[in-house]
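Overview (structure and organization)
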Amino acid sequence: MLAIGKPYDGQDATAGNGTMVALSADSREQVDQVYAKAIELGGADEGAPGSRGPEQMGFYGAYFRDPDGNKLCVFKMG
């Protein structure tokens, strides 16, 4: 899937702001594990694991930046 939108913070899109790689996980537990490992390895929190949007949508995700400043998301739908 490819999605295009404006940066969440309303600022101009630049490398690391307005660009993000999202990775699908097999379970909510895997989302939690990937996020924890990313933070352990020097990543920066951009949104702890949790439900996003209406619960019926079933989106559970976590956001972080790697040590180079790239924004990533790991998520589970459903």
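Throughout this description, residue numbers start from 1 for each chain and increase along the sequence as written. Selection of residues for local features in this predicted model requires a pLDDT of at least 70, selection of side-chain atom pairs for listing and counting requires 80 or more, and totals for whole chains, interfaces and linings are taken over all residues. Excluded from the side-chain calculation are hydrogens and water; included are all heavy atoms of the structure.

Let's talk about the packing of aromatic side chains
The criterion, for reference: Pairing of aromatic rings covers Phe, Tyr and Trp, the last through its six-membered ring, and needs centres within 6.5 Å; plane angles under 30 degrees mean stacked, over 60 mean edge-to-face, and all others mean tilted. In DSSP terms, a helix is any run of H or I states spanning at least four residues, a strand is any run of E spanning at least two, and both are numbered starting from the N terminus. Exposure is judged per residue with a 1.4 Å probe applied to protein chains only, and the accessible area is read against the type maximum: over 50% gives exposed, under 20% gives buried, and values in between give partly exposed.
One pass over the structure, following the stated rule, counts 1 aromatic pair. Seen in terms of ring centroids, Phe59 and Phe75 are 5.5 Å apart; in terms of plane orientation they differ by 15°. Their pairing is stacked. Note that Phe59 is positioned in strand β3 (residues 59-65) and Phe75 in strand β4 (residues 71-77), a separation of 16 residues in sequence. Across the pair, Phe75 and Phe59 agree in class, each one buried.

Considering the pattern of salt bridges
Rules: Put simply, a salt bridge is a Lys or Arg side-chain nitrogen that is within 4 Å of an Asp or Glu carboxyl oxygen.
Under the counting rule described, the total for this entry stands at 3 salt bridges. The salt bridge involving Glu55 is made with Arg28; its shortest N-O contact spans 3.5 Å. One end of the pair, Glu55, is in the loop between β2 (44-52) and β3; the other, Arg28, is in helix α1 (residues 28-40), and 27 residues separate them in sequence. Accessibility expressed as a relative area gives 28% for Arg28, which makes it partly exposed. In this structure, Lys37 and Glu40 form a salt bridge, with 3.4 Å as the shortest nitrogen-oxygen distance. With Lys37 and Glu40 both in helix α1 and 3 residues apart, the pair spans about one turn of that helix. Here Lys37 falls in the partly exposed class, since its relative accessible area comes to 42%.

Distances and angles like these do not, on their own, reveal function.
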